[in-house]
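Each chain is listed here by its residues.
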Protein chains: 2
Amino acid sequence: MPRSSGKTRDQILEAAMDLASVEGLEGLSIGRLARRVEMSKSGVIGHFKSKEDLQLETVRAAVGVFEAEVQAGVTAEPGLARLRVLLERWTRHVASGRFSGGCFFWAASAEFDGRPGRVRDAVARATLHWLEQIVAEVRLAIRLGEIRSDEDPEQLAFELHALVQEANWARQLLDRSDAFDRARRGIERRLGQAEKSN
Amino acid sequence: MPRSSGKTRDQILEAAMDLASVEGLEGLSIGRLARRVEMSKSGVIGHFKSKEDLQLETVRAAVGVFEAEVQAGVTAEPGLARLRVLLERWTRHVASGRFSGGCFFWAASAEFDGRPGRVRDAVARATLHWLEQIVAEVRLAIRLGEIRSDEDPEQLAFELHALVQEANWARQLLDRSDAFDRARRGIERRLGQAEKSN
DNA sequence: CCTACCGATCGGTAGG
DNA sequence: CCTACCGATCGGTAGG
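Notes on the structure follow.

Reading guide: rules and limits
- Think of each chain on its own: its residues are numbered from 1, step by step along the sequence as written.
- As a convention, the first chain written is A and the first ligand written is 1, with the rest following in written order.
- Given that the model is predicted, a residue must reach a pLDDT of at least 70 before its local features are reported, and side-chain atom pairs must reach 80 or more before they are shown or counted; all residues, however, enter totals for whole chains, interfaces and linings.
- Only hydrogens and water are removed before side-chain values are computed, so all heavy atoms of the structure are retained for them.
- Note on terminology: near, applied to a residue and a molecule or strand, indicates that one of the residue's heavy atoms is within 4 Å of it.
- N or O atoms closer than or at 3.5 Å make up a polar contact, with two conditions inside protein: a donor-capable atom paired with an acceptor-capable one, and, for residues adjacent in sequence, both atoms drawn from side chains.
- Each helix is a run of H or I in the DSSP string that is no shorter than four residues. Each strand is a run of E no shorter than two, and both are numbered from the N terminus.
- Throughout this entry, Asp, Glu, Lys and Arg are counted as charged residues, while Ala, Val, Leu, Ile, Met, Phe, Trp, Tyr, Cys and Pro are counted as nonpolar. The remaining residues, Gly among them, count as polar.
- Aromatic pairs are defined between Phe, Tyr and Trp rings, using the six-membered ring for Trp, whenever the two ring centres lie within 6.5 Å; interplanar angles under 30 degrees are classed as stacked, those over 60 as edge-to-face, and all others as tilted.
- Partly exposed describes any residue whose relative accessible area lies between the buried limit of under 20% and the exposed limit of over 50%, with all areas from a 1.4 Å probe on protein chains only and scaled to the type maximum.
- Two residues qualify as a contact provided that any one of their heavy atoms is within 4.5 Å of a heavy atom in the partner residue.
- By buried area we mean how much accessible surface two parts lose on assembly, using a 1.4 Å probe and totalling the loss over both.
- Salt bridges are identified by distance alone: a Lys or Arg side-chain nitrogen within 4 Å of an Asp or Glu carboxyl oxygen.
- Criterion for a disulfide: a pair of cysteine sulfur atoms within 2.5 Å.

## Overview of the protein's contact with DNA strand C
- In the region of DNA strand C, 14 residues are neighbours, and S29(A), I30(A), K51(A), S40(B) and S42(B) sit closest.
- For DNA strand C, the backbone makes up 58% of the atoms found within 4 Å of the protein, where backbone means sugar plus phosphate.
- Separating a phosphate oxygen of DNA strand C from a backbone N or O atom of K51(A) is a distance of 2.5 Å.
- One nitrogen or oxygen atom from the side chain of S42(B) is found 2.9 Å from a base oxygen belonging to DNA strand C.
- At the level of elements, helix 2 (30-37) and helix 3 (41-45) of chain A together with helix 3 (41-45) of chain B are the ones that each hand at least two residues to the surface near DNA strand C.
- It is helix 3 of chain A that contributes the most residues to the surface near DNA strand C, three residues altogether.
- Residue classes in the surface near DNA strand C are distributed as three nonpolar, nine polar and two charged.

## A closer look at the packing of aromatic side chains
Residue and element names in this part refer to chain A.
- Following the criterion strictly, the structure yields nine aromatic pairs over all chains and no others.
- Centre to centre, the rings of F66 and F105 are 6.5 Å apart; their planes meet at 90°, and the pair counts as edge-to-face. Taken as a pair, F66 in helix 4 (residues 51-71) and F105 in helix 6 (residues 104-112) lie far apart in primary sequence, 39 residues in all. In this structure, F66 and F105 share a single accessibility class: buried.

## Some remarks on the interface of chain B and chain A
- On the chain A side, the residues contacting the 42 residues of chain B number 42 residues.
- Summed over both partners, the interface of chain B with chain A buries about 3,900 Å², with 53% contributed by carbon and sulfur atoms.
- The largest per-residue losses of area from chain B upon contact with chain A belong to F158(B), L173(B) and R182(B), which jointly make up 17% of the total buried on that side.
- In this assembly, chain B and chain A are joined by 14 salt bridges.
- Put simply, R120(A) and D175(B) hold a salt bridge, and the shortest N to O gap is 3.5 Å.
- Inspection of the region where chain B meets chain A yields 26 residue pairs in polar contact (both at pLDDT 80 or more).
- Within the residue set of the side of chain B that touches chain A, elements represented by two or more residues are helix 1 (6-27), helix 6 (104-112), helix 7 (118-143), helix 8 (153-174) and helix 9 (179-194) of chain B.

## Points about the state of the cysteines
- Taken as a whole and judged by the stated rule, the model has zero disulfides over all chains.
- The structure places no disulfide on C103(A), whose sulfur is separated from the nearest cysteine sulfur, that of C103(B), by 18 Å.
- A residue is classified by how much of its surface remains accessible, and C103(A), at 14% relative accessible area, is buried.

## Some details on the pattern of salt bridges
- Applying the stated rule across the entire model yields 52 salt bridges over all chains.
- A salt bridge links R98(B) to E14(B); the nearest nitrogen and oxygen atoms lie 2.8 Å apart. You can see R98(B) sitting in the loop between helix 5 (80-95) and helix 6 and its partner E14(B) sitting in helix 1, a full 84 residues away along the chain.
- By relative accessible area, which is 27% here, R98(B) ends up partly exposed.
- When salt bridges that share partners are traced, they join E23(A), R32(A), E26(B), K51(B) and R115(B) into one network.

## Side note on the protein's contact with DNA strand D
- Taken together, 14 residues form the shell around DNA strand D, and within it S40(A), S42(A), S29(B), I30(B) and K51(B) come nearest.
- Within 4 Å of the protein, the contacting atoms of DNA strand D are drawn from sugar and phosphate to the extent of 59%.
- In this structure, a phosphate oxygen belonging to DNA strand D sits 2.4 Å away from a side-chain N or O atom of S40(A).
- Here a phosphate oxygen of DNA strand D and a backbone polar atom of I30(B) are 2.9 Å apart.
- If you list the elements that add at least two residues to the surface near DNA strand D, you get helix 3 of chain A together with helix 2 (30-37) and helix 3 of chain B.
- For the surface near DNA strand D, the leading source of residues is helix 3 of chain B, giving three residues.
- Grouping the amino acids of the surface near DNA strand D by side-chain chemistry returns three nonpolar, nine polar and two charged.

## Some words on the environment of R118(A)
Residue and element names in this part refer to chain A.
- Within the secondary structure, R118 is located in helix 7 (residues 118-143).
- The class of R118 is partly exposed, set by a relative accessible area of 48%.
- Sequence separation between R118 and L56 is 62 residues; the distance between their C-alpha atoms is 7.6 Å.
- What R118 contacts, discounting residues up to four positions off in sequence, is E52 and L56.
- A polar contact is formed between the side chain of R118 and the side chain of E52, at a distance of 3.0 Å.

## Focus on the side chain of Q172(B)
- Tracing the chain through its elements places Q172(B) in helix 8.
- There is a polar contact of 3.0 Å between the side chain of Q172(B) and the side chain of R171(B).
- Ignoring anything within four residues of it in the chain, the contact list for Q172(B) reads D113(A), R120(A), S100(B), G101(B) and G102(B).

Note that every value here comes from positions in space, so none of it alone points to a role or purpose.
Okay, here's the thing in structure tokens:
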């Protein structure tokens, strides 16, 4: 059962994710967020213990969106087929404009990589988890004989992951509308190379 | 001839680049920068017209560092050989820890991609210029018959560029000390694939 | 280059 | 959920 003010809290977090994707999790000030959701500052912060707590809850909410849009309900066969589906869903999610500022975690990564603390740890944990999921899927595909056994799963995951992050960069900073198609082409070419021939 | 206070100004910009690589160009506040260089706030801002001007000069200084460490004095043969040298010098520069927060332009990209203005334009111009230089070198290598003529220069440059940015991300956020070796392996593998066999 | 100051905004709290 | 307020810090200026 949701608590009584669950709806408002969710609305605040939805606005917080969008604001943070543009202005960063630090630029996400309580006053600015309050204006955005048309509440008083104390009304906003009353839902959270502190700004750090608000940032942590915002990261957690973004993890929830990612899981729902990228990971949930994938029915493809485990291995190479599921790897392709996961990468395509990720690409589509980042390209979709779900958040005004592009990929939430790319922005949060760059902002918090130099600031020790719980927010940085939460961002690192979430992004590492996703990277490790790609590694695991590559490993499975190797075990199934779909990907060449001389491929290093960590290396292949690194290269695939790089392409989607690059696409986000190229679209957000350089306004390259073809960025995600380039990521897709790179992924397909790389997987084609890794695939066991025959 | 440098103006009389050129030395101090350069010291301020050196500190500003380092601070911005960690805290961002916005987190680079005049007060914090003043404390870092042991001056008063007005002493710092006196060298610049405004905070935006300070940010622009800091970007310009970072372009200068990049040119000196990556682009200057490359003697390799134009084409594939020079492409390899440029990518290796870029990788080494980003890996070197020249700035505390890792790649200055990666941090600035994520921070300003959602904020219109002159700072964003300067960051976009600088990074686009570097990307276009990689494209140009690929094109030359194709013309020289060193890279297969069915390679799309923009696509290949996108993929190579992605690997170094990914390495910066992996080291700064995930503390992956092997990140730049992964970038190197990816670059070599990709160039090997693009290379004309025989 | 400094001190001293401006109005605005920051995160957060008191009190209701 | 609100108003009203706290001390700290923001970018920037006056005056020297």
